Amino acid sequence: MKKVLEVKDLNVFFDTYKAEVQAVRGVSFDVHEKETLAIVGESGSGKSVTSQSIMKLIPMPPGKFAGGSIKFNGEELLDKSEKQMEDIRGKEISMIFQDPMTSLNPTMTVGKQIAESLIKHQNMSKSQARKRGLELLELVGIPNPDARIDQYPHEYSGGMRQRAMIAIALACNPKLLIADEPTTALDVTIQAQILDLMRDLQDKVNTSIILITHDLGVVANAAHRVAVMYGGKIVETGTVDEIFYNPTHPYTWGLLGSMPDLDRDGEEELQAIPGTPPDLSDPPKGCPFAARCPYAMKVCENHMPDYFELSDTQKSACWLLDERSPKVEPPESAKVGGSKRDEE
Amino acid sequence: MPPEIEAQMNAKYGLDDPLHIQYFDYLKDVAQWDFGPSLKLTGQSVNDIINRSFEYSLLLGLESIFLALAFGILLGVIAALRHNSGVDYTAMVIAVLGISVPNFILAAVLQYFFAMKLQLLPVAGFDSFAHTLLPAIALATTPMAFIARLMRSSMLDVLSSDYIKTAKAKGLNERVVTYRHALRNAIMPVVSYLGPLVVAILTGSFVIEEIFNIPGLGAEFVNSVTNRDYTVIMGTTVFFSALLLVSILLVDLLYTLIDPRIKFGKEGGKS
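Because the structure is a prediction, the values reported are computed rather than measured.

The secondary structure content of chain B amounts to twelve helices and zero strands. For 271 residues, the compact-globule estimate of 2.2 N^0.38 gives 18 Å, and the C-alpha radius of gyration of chain B, at 24 Å, exceeds that figure by more than 25%. For the C-alpha atoms alone, the extent of chain B along its principal axes is close to 85 × 60 × 25 Å. When contacts within chain B are restricted to residue pairs at least 6 apart in sequence, those whose partners lie at least 24 apart make up 71%. Looking at chain B as shown, the accessible area adds up to about 14,800 Å², and 66% of this sits on carbon and sulfur atoms. The centroid of the 19 positive side-chain charges in chain B is displaced by 19 Å from the centroid of its 22 negative side-chain charges.

Next comes the structure, spelled out in structure tokens:
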């Protein structure tokens, strides 16, 4: 499959009064055509910074790119001027933000907010843009678009606003859609609807999606591949099946273990990962997860492991995979609904 | 004073009626926009005085408000867009100076430099547009500084909000994002300040009117106090209060034009 996006060794730092915060440290990943890549990790792991770097929406200063490359359709985005980026944003790459309650302009009708990018990128007239806006609202499942298009965001419910955001993002049929926790602020039933909608639209408009989330339920539902981020690095990446049924990194085990499971015995307590994420203004020399990892060895503290390739698609950065390390089985809590092999 | 004449006077001004009758008579007249005669300026009614002098105050006031809004908003927006840069610090130093220097001192300084030293503008009087410049600037500086600070902080708020990020993610350039998305949302605090500001400028102009020898309502008000011209004091006070009420009402109406979330009547309140 063709690669839409290639991120290589991306470093994004922020200058603060106290110190330089190394929010993203050498992140590499690819996104293929029509594929959904989920980036998961806890707050402060660098997911959002990574995604906003692709759009170059990081405020600079204080933010800065400290090396690496972001290639979109073979073109290097980091070399592009602000003016050139304006032609890419909204047209080639779009973004959906976390909180639909605040991500729409309260003083502008939804129709106008959709029309803006159409007028900018596709040279549509106002009436053409309105017509397309009606189609888009219909497409994202907003009932009675003729009336809704002239309403303001406060007249929409939360779920409808997120649908409107999706309509804005998809207005120009972008090749890549970055969804930064698109369902976090919504309640569960609406979450499912929005995810279904995104999957439907992905087939219709042939877009690739980067789905940023910390909800593994969402990942299982919507993604093809997963990249697990921790401490500004990707610690494990693989297909959804590989990550859920054959996780190899202790942080991935921890994430899977901290996911509530209805099928599990009621006696069993929900697992949490003890400790707090590392301070990225003074990042640890070795593996960022070493301080919280129950299997940490001496080598983990001082040396960041390379990626161990477990298959064509799965890579994991953990010393446990080195042949010199003791064999460690993933804990019971990290097993998802038993082994997949059992079901088959 | 002979008793016959005193009795005649009392009858004419209604002074022999009991107090509450006098009070209700006054209220009745005020309701019909009649503030009675001046006690000191013979042959002139309070209405005459207000009609004659208010246009000067109004002209001066509107000019100052225009200056204050135009430069205050400009300064605040620029400061916010270039946050923590030299431009920002300069703008805020100007704002702090504007707030801390009282307008009568600024008026004297302006007169000294522009009228006496440079001979560019007239020192005082109110005959031409050139005459209005110095008093309008003196009057506008403090509110301008306030507006600049209000605008800067609310603009900073708005610029870091999610919908500005959405607008940028659409590929709009910084100018469009600022004009179309940020300005309208950031201007609300300034609009709220506008109601009291209109009145403060119209009533607060009496010092400036005295300094520049402008025959405005503020000057008349000060004169009436020193003359103990009670009906003029009462009349102008009521007039100013009515002005305050009207301008606050106008500001409330203005809200609905700017922010669609604010509506009157039963429609409001649903979300």
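Let us look at the layout of surface pockets. Considering only enclosed or pocket space, the largest pocket measures out at about 1,200 Å³ in volume. Surrounding the largest pocket, 32 residues form its lining, Pro59(A), Met60(A), Pro61(A), Pro62(A) and Lys168(B) being those nearest its centre. Mapped onto the lining of the largest pocket, the elements with two or more residues apiece are strand 1 (3-15) and helix 2 (82-88) of chain A together with helix 3 (46-81), helix 6 (129-159), helix 7 (162-169) and helix 8 (174-186) of chain B. Here the lining of the largest pocket is composed, by residue class, of 15 nonpolar, eight polar and nine charged. Its volume calculated, the second largest pocket comes out at about 600 Å³. Elements supplying a minimum of two residues to the lining of the second largest pocket: helix 1 (3-13), helix 2 (19-31) and helix 12 (230-258) of chain B. Considering each element in turn, the lining of the second largest pocket owes the most residues, six residues, to helix 2 of chain B. Taken together, the residues that form the lining of the second largest pocket break down as ten nonpolar, four polar and four charged.

On inspection of all chains with the given rule, the structure shows 22 salt bridges over all chains. The shortest N-O distance in the salt bridge between Asp15(A) and Lys64(A) comes to 3.6 Å. Residue Asp15(A) is located in strand 1, and its partner Lys64(A) is located in strand 4 (residues 63-65); the two are separated by 49 residues in the primary sequence. Exposure remark for Lys64(A): the relative accessible area of 29% places this residue in the partly exposed category. A salt bridge links Lys28(B) to Asp25(B); the nearest nitrogen and oxygen atoms lie 3.8 Å apart. Of this pair, Lys28(B) and Asp25(B) both sit in helix 2, separated by three residues, roughly a single helical turn. On the basis of relative accessibility, which here comes to 32%, the residue Asp25(B) falls in the partly exposed class. Among the ionic contacts, a cluster of salt bridges with common partners joins Asp15(A), Glu20(A) and Lys64(A).

Residue and element names in this part refer to chain A. Phi is positive for Lys-34, which is not a glycine, with a value near 55°. You can call Lys-34 partly exposed: its relative accessible area is 48%. Its identity as a non-glycine residue notwithstanding, Glu-181 has a phi of 45°, on the positive side.

We now examine the UniProt feature "domain: ABC transporter" (unreviewed entry) in chain A. The sites that carry the UniProt feature "domain: ABC transporter" (unreviewed entry) are, in the present numbering, residues 7-256 of chain A. Between the first and last C-alpha atoms of residues 7-256 of chain A the distance is 26 Å; the span itself is 39% helix and 26% strand.

We now examine the packing of aromatic side chains. Think of a pair of aromatic rings as described by two things: how far the centres are apart, and how the planes are tilted against each other in angle. Enumeration over the complete set of coordinates arrives at 13 aromatic pairs over all chains. Ring geometry for Trp33(B) and Phe239(B): centres 5.9 Å apart, planes at 55°, overall tilted. Remark: Phe239(B) occurs in helix 12 and Trp33(B) occurs in the loop between helix 2 and helix 3; sequence separation between them is 206 residues. Its relative accessible area of 10% is what places Phe239(B) among the buried residues. By way of ring pairs, the aromatic residues Trp33(B), Phe35(B), Phe54(B), Phe221(B), Phe239(B) and Phe240(B) are connected into one cluster. The ring of Tyr156(A) is capped by Arg148(A), whose NZ or CZ atom sits 5.4 Å from the centre of that ring. Over the aromatic face of Tyr307(A) sits the side chain of Lys315(A), whose NZ or CZ is 5.1 Å from the ring centroid.

Residues and elements named next belong to chain A. Among the six residues that make up strand 9 (residues 208-213), six are buried, leaving the element largely enclosed by the rest of the structure. Every second residue of strand 9 is oriented toward a common face, with Ser-208, Ile-210 and Ile-212 on one face and Ile-209, Leu-211 and Thr-213 on the other, all of them buried. Sheet topology note: the strand 3 (residues 36-40)/strand 9 ladder contains five bridges and is parallel. Counterpart to Leu-37 in the pairing with strand 9 is Ile-210. The handedness of the strand 8 (residues 176-180) to strand 9 crossover, carried by helix 7 (residues 188-205), is right-handed.

Take the nonpolar core next. Residue and element names in this part refer to chain A. Among the nonpolar cores identified, the biggest contains 73 residues, and Leu-5, Phe-29, Ile-54, Ile-93, Ile-166, Leu-176 and Ile-210 are the most heavily contacted of them. Top element by residues in this core is helix 6 (residues 158-170). It accounts for eight residues. The contact partners of Phe-29, leaving out residues within four places of it in the chain, are Leu-5, Glu-6, Val-7, Leu-37, Ile-39, Thr-50, Ile-54, Ile-210 and Ile-234.

Let us now look at the packing of helix 3 of chain B against helix 11 (residues 217-227) of chain B. Residue and element names in this part refer to chain B. Running from N to C, helix 3 and helix 11 cross one another at 130°; their axes reach a closest spacing of 7 Å. On the basis of their axis angle, the class for helix 3 and helix 11 is oblique. Mapping the contact onto sequence places Ile-49, Ile-50, Arg-52, Ser-53, Phe-54 and Ser-57 in helix 3 and Leu-217, Gly-218 and Glu-220 in helix 11.

With that settled, consider the interface of chain A and chain B. Each side of the interface is counted separately: chain A has 28 residues, and chain B has 21 residues. It is Thr107(A), Glu116(A) and His154(A) that lose the most area in chain A upon contact with chain B, and together they represent 28% of the buried surface on that side. At the boundary of chain A with chain B, the tally comes to two salt bridges. Here Arg180(B) and Glu116(A) are joined by a salt bridge, their closest N and O atoms 2.7 Å apart.

On to the sheet that holds strand 12 (residues 308-309) of chain A. All names here are of chain A. If you trace the eight strands from one edge of the open sheet to the other, you get 7-8-9-3-10-11-13-12, paired in mixed fashion. Two strands bound the open sheet, and with one partner strand each, they are strand 7 (93-96) and strand 12. Bridge count between strand 8 and strand 9: five bridges; the pairing is parallel. Bridge pairing in strand 9 links Ile-178 to Ile-210. Across the sheet, helix 10 (residues 250-257) is in contact with strand 3, strand 10 (225-230) and strand 11 (233-239); its angle to strand 10 comes to roughly 105°.

With that out of the way, let us pick up helix 4 (residues 86-100) of chain B. Residue and element names in this part refer to chain B. Along its 15 residues, helix 4 runs 21 Å from first to last C-alpha, staying within 8% of the 21 Å computed at 1.5 Å per residue. The set of residues buried in helix 4 consists of Asp-88, Ala-91, Met-92, Ala-95 and Gly-98. What you see down the axis of helix 4 is that its buried residues fit within an arc of 120°, all on one side. Among the structural elements, helix 3 and helix 6 are those in contact with the buried residues of helix 4.

Rules used throughout
- Residues numbered from 1 in each chain as written.
- Chains lettered and ligands numbered in written order.
- Predicted model: local features only at pLDDT ≥ 70, side-chain atom pairs only at ≥ 80, totals over all residues.
- Heavy atoms only, no water.
- Helix = DSSP H or I, 4+ residues; strand = E, 2+ residues; numbered from the N terminus.
- Rg over C-alpha atoms; globule rule 2.2 N^0.38 Å.
- Contact = heavy atoms within 4.5 Å.
- Areas by Shrake-Rupley, 256 points an atom, 1.4 Å probe, with all protein chains shown as cover.
- Lys, Arg positive; Asp, Glu negative; His and termini not counted.
- Charge placed at Lys NZ, Arg CZ, Asp CG, Glu CD.
- 1 Å grid on protein atoms, 1.4 Å probe; cavity = no way out; pocket = protein on both sides within 12 Å on 5 of 7 lines; lining within 4 Å.
- Points joined across faces, edges and corners; volume = space filled by probe spheres on them.
- Nonpolar A, V, L, I, M, F, W, Y, C, P; charged D, E, K, R; others polar.
- Salt bridge = Lys/Arg side-chain N within 4 Å of Asp/Glu carboxyl O.
- Buried < 20%, exposed > 50% of the residue type's maximum accessible area, 1.4 Å probe, protein only.
- UniProt positions renumbered as here; feature names shortened; annotations may be inferred.
- Phe/Tyr/Trp six-rings, centres within 6.5 Å; stacked < 30°, edge-to-face > 60°.
- Lys NZ or Arg CZ within 6 Å of the ring centre and 35° of its normal.
- Pairing = 2+ DSSP bridges.
- Right-handed = clockwise from strand over helix to strand, strands pointing away.
- Core = buried A, V, L, I, M, F, W, Y, C linked by side-chain atoms within 4.5 Å.
- Axes fitted to C-alpha atoms, helices over the stretch in contact; angles between N-to-C directions.
- Parallel < 35°, antiparallel > 145°, perpendicular 65-115°, else oblique.
- Buried area = accessible area lost by both parts, 1.4 Å probe.
- Expected span 1.5 Å × (residues − 1).
- Arc of directions from axis to C-beta.

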